[in-house]
Amino acid sequence: MIAVGAAAGIYLGLGPVIGKETASWVCILAAAPVALAGFFHYNGMTLEQFLWAVVKSEFLFAGGRPFASENFYYNLLRRKGGQDFD
């Protein structure tokens, strides 16, 4: 419904200015992303829910992400005993 409204507004607004044929191509190009957004689903979320989740996780609630490496092999051998290392 939003894509149809956007296309009609663009066609009626730009038709007299740039010509009806060019305005029809512009309204197709403007309405296509809005129409395709209706088919977007990711993990059961719509496009609006997905974009809000991205904004929250990357900007609003993004805290410090420190890197702390851990050598699992060293920890495993250390538990067996210190004499295992050369």
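Note: the structure precedes this text.
Residues numbered from 1 in each chain as written. Predicted model: local features only at pLDDT ≥ 70, side-chain atom pairs only at ≥ 80, totals over all residues. Heavy atoms only, no water.

A.B. asks: Which parts of the structure should I look at to understand the overall build of the protein?
C.D. replies: A tally of helices and strands in the protein yields four helices and zero strands. Going from N to C terminus, the protein has its helices and strands arranged as α-α-α-α. Seen through its principal axes, the protein has C-alpha atoms that stretch 85 × 25 × 20 Å. By residue count, 10% of the 86 residues in the protein fall in the buried class. The contacts in the protein between residues at least 6 apart in sequence include a share of 16% that link residues at least 24 apart. Just so you have it, the protein exposes about 7,400 Å², and 67% of that area is on carbon and sulfur atoms. In the protein, 6 side chains carry a positive charge and 6 a negative one; their mean positions are 6 Å apart. (Helix = DSSP H or I, 4+ residues; strand = E, 2+ residues; numbered from the N terminus. Buried < 20%, exposed > 50% of the residue type's maximum accessible area, 1.4 Å probe, protein only. Contact = heavy atoms within 4.5 Å. Areas by Shrake-Rupley, 256 points an atom, 1.4 Å probe, with all protein chains shown as cover. Lys, Arg positive; Asp, Glu negative; His and termini not counted. Charge placed at Lys NZ, Arg CZ, Asp CG, Glu CD.)

A.B. asks: Help me understand helix α2 (residues 20–37) in this model?
C.D. replies: Along an α-helix, residues three or four positions apart point the same way, because every turn accommodates 3.6 residues. For α2, built from 18 residues, the straight-helix expectation of 26 Å at 1.5 Å per residue is met to within 8% by its first-to-last C-alpha distance of 26 Å. Maximal helix bending in α2 amounts to about 30°, located at Ala31; proline Pro33 follows within four positions. Taken together, the buried positions of α2 are Ala23, Cys27 and Ala31. Residues of α2 that are buried sit in contact with α1 (2–18). (Expected span 1.5 Å × (residues − 1). Bend = angle between axes of the 7 residues up to and from the residue.)

A.B. asks: Where do I start with the packing of α1 against α2 in this structure?
C.D. replies: Two packed helices can be described by the angle between their axes and the distance between those axes. Relative orientation of the contacting elements α1 and α2 amounts to 155°, with a least axis distance of 8 Å. The angle between α1 and α2 falls in the class roughly antiparallel. In this structure, α1 meets α2 at a crossing whose hand is right-handed. The residues of α2 that touch α1, namely those facing Ile2, Ala3, Ala7, Ile10, Tyr11, Leu14, Gly15 and Ile18, are Lys20, Thr22, Ala23, Ser24, Val26, Cys27, Ala30, Ala31, Val34 and Ala35. Of the residues contributing to the contact of α1 with α2, the split by class is 14 nonpolar, three polar and one charged. (Axes fitted to C-alpha atoms, helices over the stretch in contact; angles between N-to-C directions. Parallel < 35°, antiparallel > 145°, perpendicular 65-115°, else oblique. Left-handed = near helix turned anticlockwise from the far one by under 90°. Nonpolar A, V, L, I, M, F, W, Y, C, P; charged D, E, K, R; others polar.)

A.B. asks: Teacher, can you tell me more about the environment of Val4 here?
C.D. replies: Along the chain, Val4 turns up in helix α1. In this structure, the C-alpha to C-alpha distance between Val4 and Ile28, residues 24 residues apart in sequence, is 9.6 Å.

A.B. asks: Would you explain the packing of aromatic side chains in this entry?
C.D. replies: A ring pair, where both rings are aromatic, is described by two values, the distance of the centres and the angle of the planes. One pass over the structure, following the stated rule, counts two aromatic pairs. Between Phe40 and Phe50, the ring centres sit 5.4 Å apart and the planes meet at 50°, which makes this aromatic pair tilted. Here Phe40 is found in the loop between α2 and α3 (47–60), whereas its partner Phe50 is found in helix α3, with 10 residues between them in sequence. On the basis of relative accessibility, which here comes to 23%, the residue Phe50 falls in the partly exposed class. (Phe/Tyr/Trp six-rings, centres within 6.5 Å; stacked < 30°, edge-to-face > 60°.)

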